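Overview (structure and organization)
Residue-level listing of the chains:
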Amino acid sequence: MSERLSGRTALVTGSAQGIGKAIAKRLAADGATVVISDINAEGAKSAAASIGGKARAIAADVSDPASVKALFSELETLGGVDILVNNASIVPFVAWDDVDLDHWRKIIDVNLTGTFLVTRAATDQMRAAKKPGRVINISSNTFFAGTPNMAAYVAAKGGVIGFTRALATELGKYNITANAVTPGLIESDGIKDSPHNQAFGFVEMLQAMPGKGQPEHIADVVAFLASDDARWITGQTLNVDAGMVRH
Ligand code: NAD
Ligand code: 4PL
């Protein structure tokens, strides 16, 4: 087993289940100490227990500034973070006629503002410690495809890509890179329990390669972006969807 991330601490938000959990597992396999953070405290604990070793759980709501502050006070006692993966998100399936201001605000708050809040705290900590750092933001290929039933989500995920580009510019001089990953439809825990689960047939028809996207397909790419091999990549958006969209 490769130990390319040994000595590094990674925070993965929204990692009690799904893609985030697979990312945490893969970073731990590469030797990182991983912090599983999620609004679901019990889920975070069991995910950390399932990974074992150097994994630990700290509950937090990425959209709540006080909760993010508490998370980073606790992370400070662990020596801070080297790798941040902004993965926490609500993945809605809401018909356009039901997209009202409350829904819009909630999705922007968690999926875009949550990414800002956690990134603000993490990169301030990296800079104070004079450590090189990695920020990896999980966006979505729905930003390219304009996927139906998720207008607020698509807007938030586009915002995440824009933020990533600006962040790369702001933080390059501190040796902190910022990149985004855009998964296509992935058979995660959340997707299996949602109407999106019905879309695999259609999505597979558009993919260049057959098969259902799995959390590990994303986790392996995130681990590469977190590794030294990716040290000259910043401000980029890496699309990981078996060729469903080509941009
Ligand atoms: P999921 O619903 O299975 O897991 C999301 C996790 O985020 C859950 O554990 C949930 O509790 C947590 N979460 C939600 N709100 C939170 C908050 N305010 N604070 C902290 N944690 C919170 O989702 P998934 O399918 O694994 O998606 C993971 C990421 O990948 C998301 O950013 C999603 O937008 C993105 N993505 C998913 C797909 C897909 O098809 N599964 C495709 C493209 C992008
Ligand atoms: C192609 O990010 O990328 C459904 C649900 N279909 O959340 C996503 C595709 C969904 C996606 C996504």
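None of these values were measured; they are calculated from a predicted model.

Now for the overall build of the protein chain. A count of helical and extended segments in the protein chain gives nine helices and seven strands. For a compact globule of 247 residues, the expected C-alpha radius of gyration is about 18 Å, and the protein chain comes in at 17 Å, within 12% of that figure. Seen through its C-alpha atoms, the protein chain measures out along the principal axes to roughly 45 × 40 × 35 Å. Sorting the 247 residues of the protein chain into buried and exposed places 51% on the buried side. When the accessible area of the protein chain is evaluated, it comes to approximately 11,400 Å², of which 55% is carbon and sulfur surface. Taken together, the 23 basic and 25 acidic charged side chains of the protein chain have centroids lying 7 Å from each other.

The tally for this structure, following the rule as stated, stands at nine salt bridges. One salt bridge connects Arg-4 with Asp-30, and the closest N-O pair in it is separated by 3.0 Å. Within this pair, whereas Arg-4 is found in the segment before β1 (9-13), its partner Asp-30 is found in the loop between α1 (18-29) and β2 (33-38), the two being separated by 26 residues in sequence. By relative accessible area, Arg-4 is classed as partly exposed at 26%. The exposure class of Asp-30 is buried, given its relative accessible area of 2%. Here Asp-228 and Arg-8 are joined by a salt bridge, their closest N and O atoms 3.3 Å apart.

Cut-offs used in this document
Here the residue numbers are simple positions, counted from 1 along each chain's written sequence. Each chain is given a letter, starting from A, and each ligand a number, starting from 1, according to the order in which they appear as written. The predicted origin of the model limits local features to residues at a pLDDT of at least 70 and limits the giving and counting of side-chain atom pairs to 80 or more, whereas totals for whole chains, interfaces and linings rest on all residues. For side-chain calculations, the full set of non-hydrogen atoms in the structure is used, while hydrogens and water are omitted. Here a strand is any run of E in DSSP of at least two residues, a helix any run of H or I of at least four, and the numbering for each starts at the N terminus. Atoms counted for the radius of gyration: C-alpha only. Globule rule: 2.2 Å times residue count to the power 0.38. Only protein chains enter the calculation, and the probe is 1.4 Å; a residue is then buried if its accessible area is under 20% of its type maximum, exposed if over 50%, and partly exposed in between. Using the Shrake-Rupley algorithm and a 1.4 Å probe, accessible areas are obtained, with residue cover drawn only from the displayed protein chains. In this charge count, Lys and Arg are treated as positive and Asp and Glu as negative; neither His nor the chain ends contribute. To locate a charge, the coordinates of NZ of Lys, CZ of Arg, CG of Asp or CD of Glu are taken. By salt bridge we mean one thing: a side-chain nitrogen of Lys or Arg within 4 Å of a carboxyl oxygen of Asp or Glu.

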